[in-house]
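An overview of the molecular structure
Read off the chains here:
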Amino acid sequence: MAPTVSVIVPTYNRADAIPRTIESVLSQTLEDLELIIVDDASQDDTEEVVTSYDDDRIQFVQHEENQGASAARNTGIERAEGEYMAFLDSDDVWLPTKLEKQVLTLELRSDEWVAAYCKAETVHPDGQNPLVKAVTQLISRRNKTEGAEGGKELIGPTLSDDLHTSAGSTLIVESDIVREIDGFDESFSRFQDPEFLIRVLKHGKLACVNETLLLRYETGSPPADSVAKADEHFRRTFSEEVERLEQQGIDVTGAHHYILARHYLDEGQFRTGFRYLRQSRRPEPRQLPGLLLNLYKGVKENIG
């Protein structure tokens, strides 16, 4: 019989991190699952690590050439047989009841509810100063950017960075919907998770399990220039939606300029960072400490 959930994990050179991810899936209280791990042509010991697990629920698939995370997810989608598909990055961890609570949430609702996510907590592998951690939790925007439920009305908050779902590791979606929207868009190297979610929202409603059931491991940021290029592609893909939202007074472009400003300031590229910041949406008071932290990192980068 087909499993209830197909869990799809794309991975690339994460032999050290993937055991905690695998074990968090195998430890789920919902045991009726298959775990499809797609190795995107890793050059480390990923194959040896994954194949060392003796569990019939695991499938291991390898790409001969590196194709990117979206392509790896699509390879997993092609092989998935579950009623639902769930996605998980290969350095993140689910808490044990994550899938059980999400499936139950969807099964108790009407057919228009086709997907669910949960709240997330960020983990710093190298530790974090207790004072910095306390301040970070105090100023966190997650109480304002997580927890929303609904359908097409969530597209705007997703585009304007006012809804954070951590979709790449929290999302569970009816498999029929995933296939109907043709999986992930492989032209995206960044922003592939919100892009995928927006297309899901055009086909049904998104529920939220209002608990922290995902631990996201902080692994650093991609180069600012690559983020800027991907951001342009993201906004161009949804240009009609962006134009409509901005006519309603929602500053989508300004929100994305703020994202780019933080990336460039973090790298110490102050001229570009401040240019984006001048064009950005005015940050909320809760965002200012994070912005100052980016400035601090940028100064250290230039000194170093």
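The preceding data block contains the structure.
Below: a short report on this structure. Since this is a predicted model, take the numbers as computed values, not measurements. (Residues numbered from 1 in each chain as written. Predicted model: local features only at pLDDT ≥ 70, side-chain atom pairs only at ≥ 80, totals over all residues. Heavy atoms only, no water.)

**Section: the side chain of Thr4**
- Positionally, Thr4 belongs in the segment before strand E1 (5–11).
- Judged by relative accessible area, Thr4 falls into the buried class, the value being 18%.
- If near-sequence neighbours (up to four positions away) are discounted, Thr4 is found in contact with Leu30, Asp32, Gly82, Glu83, Tyr84 and Val103. (Helix = DSSP H or I, 4+ residues; strand = E, 2+ residues; numbered from the N terminus. Buried < 20%, exposed > 50% of the residue type's maximum accessible area, 1.4 Å probe, protein only. Contact = heavy atoms within 4.5 Å.)

**With respect to the sheet that holds strand E2 (residues 33–39)**
- If you walk across this open sheet you meet the 8 strands as E3-E2-E1-E4-E7-E6-E8-E5, and the pairing is mixed. Among the strands making up the open sheet, the edge pair consists of strand E3 (58–62) and strand E5 (93–94).
- As judged from the 3 bridges shared by strand E4 (residues 84–87) and strand E7 (residues 172–174), these two strands associate in the antiparallel manner. Looking at the pairing, Met85 lines up with Val173 of E7. (Pairing = 2+ DSSP bridges.)

**Focus: the packing of helix H13 (residues 252–266) against helix H14 (residues 270–278)**
- Direction vectors running N to C along H13 and H14 enclose 160 degrees, while the axes themselves pass 8 Å from each other. Viewed along their axes, H13 and H14 adopt a mutual orientation that is roughly antiparallel. In this structure, the crossing between H13 and H14 has a hand that is left-handed. Residues His257, Tyr258, Leu260, Ala261, Tyr264 and Leu265 of H13 lie in contact with H14, whose contacting residues are Phe270, Thr272, Gly273, Phe274, Tyr276 and Leu277.
- Of the residues that constitute the contact of H13 with H14, the class distribution is 9 nonpolar, 3 polar and no charged. (Axes fitted to C-alpha atoms, helices over the stretch in contact; angles between N-to-C directions. Parallel < 35°, antiparallel > 145°, perpendicular 65-115°, else oblique. Left-handed = near helix turned anticlockwise from the far one by under 90°. Nonpolar A, V, L, I, M, F, W, Y, C, P; charged D, E, K, R; others polar.)

**Notes on unusual backbone geometry**
- Even without a glycine there, the phi angle at Ser166 is positive, about 50 degrees.
- Inspection of the secondary structure puts Ser166 in the loop between helix H7 (155–159) and helix H8 (167–170).

**Side note on the packing of aromatic side chains**
- Inspection of the entire model under this criterion finds 8 aromatic pairs.
- Summarising the aromatic geometry, the rings of Phe87 and Phe184 are spaced 5.2 Å apart at their centres and angled 80 degrees between planes, so their arrangement reads as edge-to-face. Note that Phe87 is positioned in strand E4 and Phe184 in the loop between helix H9 (175–180) and helix H10 (192–201), a separation of 97 residues in sequence. Per residue, the accessibility class of Phe87 equals that of Phe184, and both read buried.
- Residues Phe87 and Phe196 carry aromatic rings whose centres are separated by 5.6 Å and whose planes lie at 75 degrees to one another, so their mutual orientation is edge-to-face. Pair noted here: Phe87 is in strand E4 and Phe196 is in helix H10, with a separation of 109 residues, a long-range link.
- On the basis of relative accessibility, which here comes to 1%, the residue Phe196 falls in the buried class.
- Among the aromatic residues, ring-to-ring pairing joins Phe188, Phe191, Phe234 and Phe238 into one connected group.
- Its guanidinium or amino end placed over the ring of Tyr217, Arg20 lies 3.6 Å from that ring's centre, counting from NZ or CZ.
- Its end group placed over the ring of Phe184, Arg73 keeps NZ or CZ at 4.9 Å from the ring centre. (Phe/Tyr/Trp six-rings, centres within 6.5 Å; stacked < 30°, edge-to-face > 60°. Lys NZ or Arg CZ within 6 Å of the ring centre and 35° of its normal.)

**Things to note about the pattern of salt bridges**
- Taken as a whole and assessed by the stated rule, the structure comprises 13 salt bridges.
- In this structure, Asp162 engages Arg281 in a salt bridge whose closest nitrogen and oxygen atoms are separated by 3.2 Å. A residue pair is termed long-range when its members are at least 10 positions apart, and Asp162 in the loop between H7 and H8 and Arg281 in the loop between H14 and helix H15 (288–303) qualify at 119 residues.
- Between Lys202 and Glu241 there is a salt bridge; the shortest N-O distance is 2.8 Å. Within this pair, whereas Lys202 is found in the loop between H10 and strand E8 (205–217), its partner Glu241 is found in helix H12 (residues 239–247), the two being separated by 39 residues in sequence.
- Overall, the relative accessible area of 14% leaves Glu241 in the buried class.
- The structure contains a network of salt bridges with shared partners spanning Arg73, Asp89 and Asp193. (Salt bridge = Lys/Arg side-chain N within 4 Å of Asp/Glu carboxyl O.)

**Concerning the nonpolar core**
- Of all hydrophobic cores here, the largest spans 45 residues; its most connected members are Phe87, Leu159, Leu171, Val173, Phe196 and Leu206.
- Those residues in contact with Leu159 that lie beyond four places of it in its chain are Ile198, Phe234, Phe238, Glu241, Val242, Leu245, Val252 and His256.
- Listed in part, the 31 residues of the second largest apolar core include Ala15, Leu35, Val49 and Cys118. (Core = buried A, V, L, I, M, F, W, Y, C linked by side-chain atoms within 4.5 Å.)

**Some points on the packing of H14 against H15**
- Axis separation between H14 and H15 bottoms out at 12 Å; the angle between their running directions is 165 degrees. What the angle tells us is that H14 and H15 run roughly antiparallel. H14 and H15 meet at a crossing whose hand is left-handed. Only Leu291, Leu295, Gly298, Val299 and Asn302 of H15 make contact with H14, whose side of the interface consists of Phe270, Phe274 and Leu277.

It is worth stressing that arrangement in space is one thing and function is another; only the former is reported here.
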